[in-house]
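Single-letter residue listing:
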Amino acid sequence: MVTAYDIFAFTQNFSLYFTMTIFVLGTIGGLINIGVLTTLKLFRSNQCAFYLIMESTFDTLQLFMLFIINILSLTIKPDPGNTSLAWCRIRFALPQTLRLIATSMVCFAALDQFLSTNPQLIIRQMSSLRLAHRLTVVAILLWICQSIPCSILYEIVPSSGCIITNVGLIHYYSFFYYPILHGLLPVLASSSFALLAYRNVRNLVRRQVAVERRRLDRQLTAMIFVRVIFFVLFLIPYTIYRIYSLNVTFTPATLYPYAVDQLVYTSLALMTYLNHTVSFYIFMASSSRYRRQVKSFFVKKCWRTLKNLCNTEQNTVHPSGTVLTAADTEDE
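Residues numbered from 1 in each chain as written. Predicted model: local features only at pLDDT ≥ 70, side-chain atom pairs only at ≥ 80, totals over all residues. Heavy atoms only, no water.

Q: Account for the overall build of the protein, with residues named and values stated.
A: Scanning the protein from terminus to terminus reveals 12 helices and four strands. Counting the 332 residues in the protein, one finds 44% classified as buried. Across the protein, every contact between residues at least 6 apart in sequence was considered, and the portion connecting residues at least 24 apart equals 76%. Summed over all atoms, the accessible surface of the protein reaches about 17200 Å², with 68% contributed by carbon and sulfur. (Helix = DSSP H or I, 4+ residues; strand = E, 2+ residues; numbered from the N terminus. Buried < 20%, exposed > 50% of the residue type's maximum accessible area, 1.4 Å probe, protein only. Contact = heavy atoms within 4.5 Å. Areas by Shrake-Rupley, 256 points an atom, 1.4 Å probe, with all protein chains shown as cover.)

Q: Account for the state of the cysteines, with residues named and values stated.
A: The full count for this structure, using the stated rule, is one disulfide. The disulfide bridge from Cys88 ends at Cys162, spanning 1.8 Å between sulfur atoms. Disulfide Cys88 to Cys162: torsion about the S-S bond roughly 65°, handedness right-handed. Of this pair, Cys88 sits in helix α4 (residues 85-116) while Cys162 sits in strand β2 (residues 161-164), and the two are 74 residues apart along the sequence. (Disulfide = S-S within 2.5 Å.)

Q: An account of the nonpolar core is needed here, citing residue identities and associated values.
A: The biggest cluster of nonpolar side chains holds 70 residues, and the ones touching the most others in it are Val36, Phe43, Leu52, Tyr173 and Tyr290. The greatest single-element share of this core, amounting to 13 residues, is contributed by α4. Not counting the four nearest positions on each side in its chain, Phe43 is found in contact with Val36, Leu37, Ala49, Leu216, Gln219, Leu220 and Gln293. (Core = buried A, V, L, I, M, F, W, Y, C linked by side-chain atoms within 4.5 Å.)

Q: Describe the packing of aromatic side chains, naming the residues involved and giving the relevant values.
A: The description of two aromatic rings rests on the distance between their centres and on the angle between their planes. Scanning the model with the defined rule gives 23 aromatic pairs in all. Aromatic pair Tyr172 and Phe176: ring centres 5.7 Å apart, planes at 35°, arrangement tilted. Remark: Phe176 and Tyr172 occur in helix α7 (residues 167-201); sequence separation between them is four residues, near one turn of the helix. Each member of the aromatic cluster is reached from another via a ring pair, and the members are Phe92, Tyr154, Tyr172, Tyr173, Phe176, Tyr177, Tyr178, Tyr238 and Tyr265. (Phe/Tyr/Trp six-rings, centres within 6.5 Å; stacked < 30°, edge-to-face > 60°.)

Q: Hey, could you go over a positive patch on the surface for me, with residue numbers and the actual values?
A: Taken together, Lys41, Arg44, Lys300, Lys301, Arg304 and Lys307 make up a surface patch of like positive charges. For the positive patch, the elements supplying multiple residues, two or more each, are α2 (41-44) and α11 (288-314). Here the positive patch gets four residues from one element, more than from any other, and that element is α11. Assignment of secondary structure puts Arg44 in helix α2. (Patch = residues over 30% accessible without salt bridge, like charges linked within 9 Å, V, L, I, M, F, W, Y side chains within 5 Å. Salt bridge = Lys/Arg side-chain N within 4 Å of Asp/Glu carboxyl O. Lys, Arg positive; Asp, Glu negative; His and termini not counted. Charge placed at Lys NZ, Arg CZ, Asp CG, Glu CD.)

Q: I'd like a description of the UniProt feature "transmembrane region" (unreviewed entry) in the protein, backed by residues and values.
A: Per the UniProt record, "transmembrane region" (unreviewed entry) is annotated on residues 14-37, 49-76, 96-115, 135-156, 176-198, 219-244 and 264-283. With 82% helix and 14% strand, the stretch residues 135-156 has end C-alpha atoms that lie 36 Å from each other. Counted over residues 264-283, helix gives 75% and strand 0%. Its end C-alpha atoms are 29 Å apart. (UniProt positions renumbered as here; feature names shortened; annotations may be inferred.)

Q: Lay out the environment of Gln125 with the relevant residues and their values.
A: For Gln125, the position within the fold is in the loop between α5 (121-124) and α6 (129-152). The exposure class assigned to Gln125 is exposed, which follows from its relative accessible area of 55%.

Q: Can you explain α7? Please cite residues and give values.
A: The end-to-end C-alpha distance of α7, which contains 35 residues, comes to 47 Å, matching closely the 51 Å that a straight helix rising 1.5 Å per residue would cover. The largest bend along α7 reaches roughly 50° and is located at Tyr177, with the proline Pro179 sitting one to four residues downstream. Its side-chain oxygen 2.9 Å from the backbone nitrogen of Gly168, Asn166 forms the N-cap of α7. (Expected span 1.5 Å × (residues − 1). Bend = angle between axes of the 7 residues up to and from the residue. Polar contact = N/O pair within 3.5 Å; in protein donor to acceptor, adjacent residues only side chain to side chain.)

Q: Help me get a handle on the pattern of salt bridges, residues and values and all.
A: Should their charged atoms come close, side chains of opposite charge can pair. Under the definition given, this model contains two salt bridges. Its salt-bridge partner being Glu55, residue Arg227 comes within 2.9 Å of it at the nearest N-O pair. Residue Arg227 is located in helix α8 (residues 211-247), and its partner Glu55 is located in helix α3 (residues 47-75); the two are separated by 172 residues in the primary sequence. Per residue, the accessibility class of Arg227 equals that of Glu55, and both read buried. In this structure, the salt-bridge partner of Arg89 is Glu155, at a minimum N-O distance of 3.3 Å. With Arg89 in helix α4 and Glu155 in strand β1 (residues 154-157), this pair connects stretches of sequence that are 66 residues apart. Residue classification places Arg89 among the partly exposed residues on the basis of a relative accessible area of 22%.

Q: With reference to specific residues and values, describe the confidence of the model for the protein.
A: Here the protein shows a mean pLDDT of 84. Residues at 70 or above account for 89%. When pLDDT is averaged over each helix and strand of the protein, the minimum, 37, is found for helix α12 (residues 326-331) and the maximum, 94, for helix α10 (residues 279-286). Counting interchain partners and residues more than four positions distant, the pLDDT-below-50 stretch residues 323-332 has 13 contacts. (pLDDT = per-residue confidence, 0-100.)

Q: If you had to explain the packing of α3 against α8 to someone new, which residues and values would you point to?
A: The N-to-C vectors of α3 and α8 enclose an angle of 40°; their axes lie 11 Å apart at closest approach. Taken together, the axes of α3 and α8 lie oblique to each other. Two packed elements cross with a definite hand, and for α3 against α8 that hand is left-handed. Contacts from Cys48, Leu52 and Glu55 in α3 reach Leu220, Met223, Ile224 and Arg227 in α8. When its residues are assigned to classes, the contact of α3 with α8 shows five nonpolar, no polar and two charged. (Axes fitted to C-alpha atoms, helices over the stretch in contact; angles between N-to-C directions. Parallel < 35°, antiparallel > 145°, perpendicular 65-115°, else oblique. Left-handed = near helix turned anticlockwise from the far one by under 90°. Nonpolar A, V, L, I, M, F, W, Y, C, P; charged D, E, K, R; others polar.)

Q: How would you sum up a nonpolar patch on the surface? Please name residues and give values.
A: A contiguous nonpolar surface patch, about 300 Å² in accessible area, is contributed by Val2, Tyr256, Val260 and Val264. Secondary-structure assignment places Val2 in the segment before α1 (4-39). Looking at Val2, the relative accessible area reads 47%, which means it is partly exposed.

Set out below in structure tokens:
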């Protein structure tokens with residue numbers, strides 16, 4: 001028979017290895033996304049690409065934070081999150097802020113594709129880099145202001161660890177934050193705008209749009225559409241369980257139910273963190289054009305830069321004007 005301690009051990013090992021895997025894969029993917037979207041001329045002045053750069057940036061920061069939290073909790077006993085009040089609150093506030101900002105970027109990207117592909121000129125003109133910058137700043141400030149006051153109300157309870165004890169805050173998370181801010185609002189916003197953008201882009205051929213711009217709109221809309229599908233799939237299960245867990249509390253005193261709760265919570269939380277890992281791989285799978293752009297980035301940007309650096313190291317200029325090879329330099 002499986003005991004509570006077996007479940008705890010499995011949960012710990014699963015969390016450690018899964019966290020390390022998504023940290024490596026997500027960081028690599030996020031950095032490649034940032035590199036491709038910032039260096040290729042096609043994306044430099046595109047507001048949807050700006051949102052994707054911001055999403056990849058905050059996704060990468062979120063994965064770093066997740067990695068640090070899990071490593072500290074698994075390697076330091078007792079868990080610093082259950083002994084240090086400052087770390088308890090930081091561990092809550094920072095990931096929540098990063099998660100909400102990254103979620104906002106997905107919604108903004110879907111919104112931008114709806115605006116930029118709309119058949120009405122006045123709506124297309126609303127899509128601009130200026131709007132993208134303003135929305136990003138507002139989202140960052142808004143979610144910081146939301147998370148910090150809430151984190152102050154977290155307390156360390158000896159029998160339960162770092163938890164919410166304030167009844168008002170529990171109601172806020174149960175009836176507004178998880179159902180609305182974390183669940184219904186981003187799901188409805190991202191899916192609605194993605195579907196509308198998909199409908200718009202199917203009619204692009206009927207409009208007088210430059211071929212290159214039409215290809216870019218089709219590419220970005222396909223990427224965002226598939227991204228939103230996975231975003232919703234990874235978000236909903238954790239949101240539902242989090243609402244449930246806030247209203248039904250298990251403590252270490254009831255050992256077996258507490259162990260099962262920890263396993264389910266950890267599994268769904270890590271599933272949610274896949275949202276910060278898979279963007280690059282979704283884009284690669286959903287767009288053949290993006291695959292060619294990634295290849296171009298490595299061949300034309302990374303490889304040429306590396307080659308130029310190697311050539312610079314191998315060939316130096318002598319004060320007299322004579323070019324010395326690496327072998328000549330060694331002889332000197």
